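Structural features, examined
So you can see what is in the structure, the chains are spelled out below.
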Amino acid sequence: MSSPATVTPPRLSIIVPLYNEGESVRALHAAIVSAVDPIGVSYEMVFVDDGSRDNTLEIATELARIDDRLRIVKFRRNYGQTPAMAAGIEHASGDVLVTMDGDLQNDPADIGNLLEKLDEGYDICVGWRFNRQDKLVSRKIPSRIANWIIGKVTGVPIKDNGCSLKAFRASLIKQIPLYSEMHRFIPAMASIAGPRIAEIKVRHHARQFGQSKYGLSRIYKVLLDLMVIKTIASFTARPLLWFTLLSLPLGIVGIILLVAGLWPLTMANGSLLMPVAGSGVIFLMFAFILFCSGALGELVYRLGDMREQEFAKLTRRIWNNVR
Amino acid sequence: MHPNSPVELSVIVPVGSRHSDMSTLYAEYKRGVIECGVSFEFVFVLDGPLPVPTTQLKQLIADGERITFVALTRTYGEATAIMSGFENASGGLIVTLPAYFQIEGSEIRKLVEGLSAADLVVGRRWPRVGGVLERLRRRAFHGLLSQVTRLEFHDLGCNARAMKRKVLEEISLYGDQHRFLAVLADRQGFKVTETDVRQSEQDRFRGTYGPSTYARGFLDIFTVFFLVRFTKKPLRFFGMIGITTFLIGALGMAYLVIERLGFGRSLGDRPALLLMSLLIVLGLQLFALGLLGELIIFTHARQIKDYQVDEVVHFSGRVPTESLDRTSTSNITVG
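All chains use their own residue numbering, which begins from 1 and follows the written sequence. Think of it this way: whatever chain is written first is A, whatever ligand is written first is 1, and the rest follow in order. Totals for whole chains, interfaces and linings use every residue, but because this is a predicted model, local features are given only for residues with pLDDT of at least 70 and side-chain atom pairs only at 80 or more, for both listing and counting. Hydrogens and water molecules were not included; the side-chain quantities draw on all heavy atoms of the structure.

With that settled, consider the overall build of chain B. Strands here mean DSSP runs of E at least two residues long; helices mean DSSP runs of H or I at least four residues long; both are numbered from the N terminus. What chain B contains, in helices and strands, is ten helices and nine strands. Here the C-alpha radius of gyration of chain B, 27 Å, is well above what a compact globule of 335 residues would show, namely 20 Å. Split into buried and exposed, the 335 residues of chain B put 50% on the buried side. Any pair of residues with heavy atoms lying within 4.5 Å of one another is described as a contacting pair. Counted over contacts in chain B with a minimum sequence separation of 6, partners at least 24 positions apart contribute 78%. We get accessible surface area from the Shrake-Rupley algorithm with a probe of 1.4 Å; when it comes to residues, only the shown protein chains can shield them. For chain B, the accessible surface area stands at approximately 16400 Å², while carbon and sulfur atoms represent 59% of it. In this treatment the radius of gyration is a C-alpha quantity, and the globule benchmark scales as 2.2 Å times the residue count to the 0.38 power. Only protein chains enter the accessibility calculation, which uses a 1.4 Å probe. A residue is then buried if its area is under 20% of the maximum for its type, exposed if over 50%, and partly exposed in between.

On to the sheet that holds strand 4 (residues 93-96) of chain B, then. Sheet strands pair via backbone hydrogen bonds, and the direction of the pair is either parallel or antiparallel. Residue and element names in this part refer to chain B. Pairing between strands is defined by DSSP: at least two bridges between them are needed. One open sheet holds the seven strands; their spatial order is 3-2-1-4-6-5-7, and the pairing between them is mixed. The strands lining the two open edges of the sheet, one partner per strand, are strand 3 (67-72) and strand 7 (192-197). Mean inter-strand twist for the sheet, computed between neighbouring axes without regard to direction, equals 20°. Here seven bridges tie strand 1 (residues 9-15) to strand 2 (residues 40-47), and the two strands are oriented parallel to one another. Of the residues in strand 2, the one forming a bridge with V13 is F44. Only C-alpha atoms enter the line fits that serve as axes; for helices the fit covers just the stretch in contact. Angles between N-to-C directions range over 0 to 180 degrees. Packed on one face of the sheet, helix 2 (residues 51-62) meets strand 1, strand 2 and strand 3 and runs near 155° to strand 3.

Here the focus is the environment of C36 of chain B. All names here are of chain B. Within the fold, C36 resides in the loop between helix 1 (22-34) and strand 2. In this structure, the C-alpha to C-alpha distance between C36 and R109, residues 73 residues apart in sequence, is 5.1 Å. In this structure C36 touches I108, R109 and V112, once residues within four positions along its chain are discounted.

Further remarks concern empty space enclosed by the protein. All names here are of chain B. Only protein atoms enter the calculation, which uses a 1 Å grid: trapped sets of points that fit a 1.4 Å probe without letting it out are cavities, open sets showing protein on both sides within 12 Å along at least five of seven lines are pockets, and any residue with an atom within 4 Å of a point is a lining residue. Grid points are joined across faces, edges and corners, and a volume is the space filled by probe spheres set on the points. Here the structure, examined in full by the defined rule, presents three cavities of 30 Å³ or more. Empty space within the second largest cavity amounts to approximately 40 Å³. Together, V122, D155, L156, C158, R161, H178, R179, F180, L181 and A182 line the second largest cavity. When residues are sorted by character, Ala, Val, Leu, Ile, Met, Phe, Trp, Tyr, Cys and Pro go into the nonpolar class, Asp, Glu, Lys and Arg into the charged class, and all the rest, Gly among them, into the polar class. Taken together, the residues of the lining of the second largest cavity break down into six nonpolar, one polar and three charged.

At the interface, 55 residues of chain B touch 64 residues of chain A. Interface area, chain B with chain A, both sides summed: about 5600 Å², of which 64% is carbon and sulfur. Should a side-chain nitrogen of Lys or Arg be within 4 Å of a carboxyl oxygen of Asp or Glu, the pair is scored as a salt bridge. Across the chain B-chain A interface, the total number found is three salt bridges. R76 of chain A is the partner of D310 of chain B in a salt bridge, and the nearest nitrogen-oxygen pair spans 3.9 Å. Side-chain atoms alone can form a polar contact between residues adjacent in sequence; in general such a contact is a pair of N or O atoms within 3.5 Å, and within protein one must be able to donate a hydrogen while the other accepts it. Here chain B and chain A share 13 residue pairs in polar contact (both at pLDDT 80 or more) between them. Only helix 7 (181-187), helix 9 (234-263), helix 10 (271-299) and strand 8 (309-314) of chain B provide two or more residues apiece to the side of chain B that touches chain A. No other element matches helix 10 of chain B, which puts 18 residues into the side of chain B that touches chain A. Two parts placed together each lose some accessible area under a 1.4 Å probe, and the buried area is that loss summed for both.

Attention now goes to the domain arrangement of chain B. All names here are of chain B. Domain start and stop positions are those given by an automatic or database domain assignment. Domain boundaries assigned for chain B yield domain 1 (9-230) and domain 2 (234-303). Taking only C-alpha atoms, the centre of domain 1 and the centre of domain 2 are 44 Å apart. Listed as interface residues are four residues of domain 1 and, on the opposing side, four residues of domain 2. Approximately 340 Å² of surface area, both sides summed, lies buried where domain 1 meets domain 2, with 88% of it carried by carbon and sulfur atoms. On the domain 1 side of the interface with domain 2, the three residues burying the most area are F222, F226 and F230, jointly 94% of the side's total. Linking domain 1 with domain 2 are zero salt bridges, by the criterion used here.

Moving on: the packing of aromatic side chains. The relative placement of two aromatic rings is captured by the distance of their centres and the angle of their planes. Only rings of Phe, Tyr and Trp enter the pairing, Trp through its six-membered ring, and a pair is recorded when the two centres are within 6.5 Å. The plane angle decides the type: under 30 degrees is stacked, over 60 is edge-to-face, the rest tilted. In the structure shown here, the tally under the stated rule is nine aromatic pairs over all chains. Seen from their ring centres, F75 of chain A and Y79 of chain A are 5.3 Å apart, and the 90° between their planes marks the pair as edge-to-face. Here the two residues F75 of chain A and Y79 of chain A agree in accessibility, since each one is buried. Each member of the aromatic cluster is reached from another via a ring pair, and the members are Y26, F40, F42 and F44 of chain B. Its end group placed over the ring of Y76 of chain B, R74 of chain B keeps NZ or CZ at 4.2 Å from the ring centre. Note on geometry: a ring has a charge over it if NZ (lysine) or CZ (arginine) is within 6 Å of the ring centre and within 35 degrees of the ring normal. For R124 of chain B, the ring lying beneath its charged end belongs to W126 of chain B, and the centroid distance is 4.3 Å.

Further remarks concern the layout of surface pockets. All names here are of chain B. For the second largest pocket, the calculated volume is near 1000 Å³. Taken together, 41 residues line the second largest pocket, and the ones lying closest to its centre are R18, Y100, G157, N159 and R216. Looking at the lining of the second largest pocket, the elements with two or more residues in it are strand 1, helix 3 (78-87), helix 5 (132-149) and helix 8 (211-230). For the lining of the second largest pocket, the element with the most residues is helix 5, which contributes five residues. Residues that form the lining of the second largest pocket fall into these classes: 13 nonpolar, 13 polar and 15 charged.

Residue and element names in this part refer to chain B. An expected span of 1.5 Å times one less than the residue number is assigned to each helix. For helix 5, which comprises 18 residues, the first-to-last C-alpha distance of 26 Å matches the rise-based estimate of 26 Å (1.5 Å per residue) to within 8%. Those residues of helix 5 that sit buried are E134, R137, R138, F141, H142, L145, S146, V148 and T149. Taken down its axis, helix 5 places every buried residue within 160° of arc, on the same side. Opposite its buried face, helix 5 presents the exposed residues V132, L136, R139 and Q147, each directed more than 90 degrees away. Looking at the buried residues of helix 5, the elements they touch are helix 7 and helix 8. Trailing helix 5 by a residue or two, R150 shows a phi angle of about 60°, which is positive. To be clear, the arc concerns the directions from the helix axis to the C-beta atoms.

So, on to the pattern of salt bridges. Enumeration over the complete set of coordinates arrives at 32 salt bridges over all chains. Across the pair R138 of chain B and E134 of chain B runs a salt bridge, and its minimum N-O distance is 3.1 Å. On the criterion of helical spacing, the pair formed by R138 of chain B and E134 of chain B is a turn pair, its members being four residues apart in helix 5. Residue classification places E134 of chain B among the buried residues on the basis of a relative accessible area of 5%. With a shortest N-O distance of 3.2 Å, R165 of chain B and E169 of chain B are connected by a salt bridge. Of this pair, R165 of chain B and E169 of chain B both sit in helix 6 (residues 165-170), four residues apart, which is roughly one turn of that helix. On the accessibility criterion, E169 of chain B (53% relative accessible area) is exposed. Taken together, the shared-partner salt bridges in this structure form one network comprising K74 and R76 of chain A together with E170 and D310 of chain B.

Below you can see the structure in the form of structure tokens.
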């Protein structure tokens with residue numbers, strides 16, 4: 001009664017996390033279909049139901065029943081936007097993955113432009129909501145500050161990290177670890193693999209339904225996470241070197257203090273400066289412990305599965321004459 | 001009953017040093033389980049060499065009771081005993097019960113019935129008998145616990161629980177974690193409820209516990225705190241303490257140096273110098289530990305999953321639009 005399922009995986013996967021979006025999910029599906037059908041690529045939609053408590057899942061299931069390009073990943077409970085994105089990426093089978101918000105603030109009509117950029121050779125293309133339809137004080141200004149800091153930290157100057165509308169090469173993004181509250185910083189996170197990143201202007205609509213669900217209260221955590229990741233990513237392959245570099249100044253301070261504490265002994269009836277010499281010993285010992293921590297770090301890196309050479313493989317291109 | 005036919009319900013009883021007479025205990029539990037009206041088996045796990053229960057259980061097996069008896073060669077602890085029992089249990093529903101009288105056997109049914117609306121049902125002995133001090137201790141423990149986990153449980157010391165098989169398949173218990181099964185299961189996204197069960201006559205404790213009980217309770221809270229809050233973000237924990245310690249040390253050190261430079265107060269004979277050095281070094285070391293923790297998380301990020309997928313809904317083969325009312329061939333994978 002029904003046509004056989006397409007065996008070849010689609011070229012494009014559109015990933016949308018949904019949390020209590022019962023009002024907009026139908027319109028969202030229609031908007032995606034009408035925007036992507038004309039592009040003429042095979043595609044699928046991956047809706048991730050992040051433990052919604054309204055009728056999101058029911059409506060989405062109805063849609064899936066009539067549209068075999070729609071796949072729904074249902075979470076056991078609400079986990080948040082980063083896990084939802086990560087699950088969508090995991091279950092998507094396209095070569096190119098596009099992520100977007102489920103609240104209709106992003107416009108699927110921009111997907112074609114994102115894809116063009118990827119065809120030009122970029123690995124990631126992010127949207128920039130140049131005429132953002134949100135409150136100035138509570139959303140736009142904090143976001144501008146955050147974007148500036150992120151640009152400084154990661155060295156990837158993206159004007160709008162918070163825009164969910166992004167396109168990625170699947171081979172790259174599937175290998176990037178996403179955890180904690182990283183969804184805002186997927187490009188920054190991906191920057192550990194040195195991708196070619198493009199940014200294009202996208203439309204942004206005012207919220208039609210419901211409430212904004214993810215506020216700025218978490219921004220400090222996110223920034224902390226980001227710095228941690230950036231630091232970790234840059235020293236992960238050579239912890240011994242980094243810890244040793246850190247321990248050097250402390251070792252030097254230790255030696256200076258030790259010498260200063262012992263110095264009076266060389267003079268006639270001079271006495272040992274106990275607190276100074278003691279401090280010197282403490283600093284020296286710590287420098288040594290830090291060095292040992294670095295050695296432990298080497299062990300961890302060896303046993304882990306985040307190798308720099310793997311990251312390098314994700315984005316490298318090779319030219320040669322071999323046929 | 002055929003000894004190898006599959007059963008619906010497996011009862012796991014970890015037997016440790018605190019245990020009652022096995023045959024009376026088994027008789028009591030069996031009466032309760034029969035009331036559930038499903039086929040069942042018992043799995044007794046002996047946590048270490050315990051001659052008396054061994055003889056009693058072997059006798060029960062010789063009498064033809066459907067009992068699996070797992071003997072561990074040394075004492076591993078209750079969590080490991082439960083997991084060993086689970087490996088030898090075939091039921092789709094699992095009930096764990098203590099090896100001593102804690103609840104009345106007739107209450108088992110309540111726990112199992114609760115599974116129709118939950119994945120894990122933990123018992124709460126209520127109404128509860130106990131001294132004033134004991135009640136205060138319990139309230140303090142669970143109050144603190146709910147502060148840490150934002151979950152309301154009243155009696156984690158109750159070892160009677162009923163759960164669906166998938167709960168133990170996903171959560172590997174070790175150490176003392178059996179007590180926090182409810183917390184861990186909730187974290188994993190399972191639905192956990194608490195049911196009042198009648199306390200056994202023999203479980204009435206009227207005395208006061210020694211300080212070791214209090215210490216263990218506090219350590220338990222700390223364990224949960226760490227499990228729930230910081231296992232995925234070690235730097236937030238270590239870094240917070242480390243930076244605080246470092247700042248105290250650095251400020252103190254600055255004060256000492258200013259006194260030396262500005263007011264000529266000698267630095268070399270002040271023990272405070274040692275203290276400040278220690279604080280600075282300790283703070284940095286804690287921070288370095290946090291970084292190491294983050295390194296472990298980062299290098300294993302692909303194995304760590306932050307989420308549990310309930311199911312993937314996908315209908316393969318598009319239903320022609322004109323026959324929408326017909327049911328399509330559905331292809332629902334449950335993961």
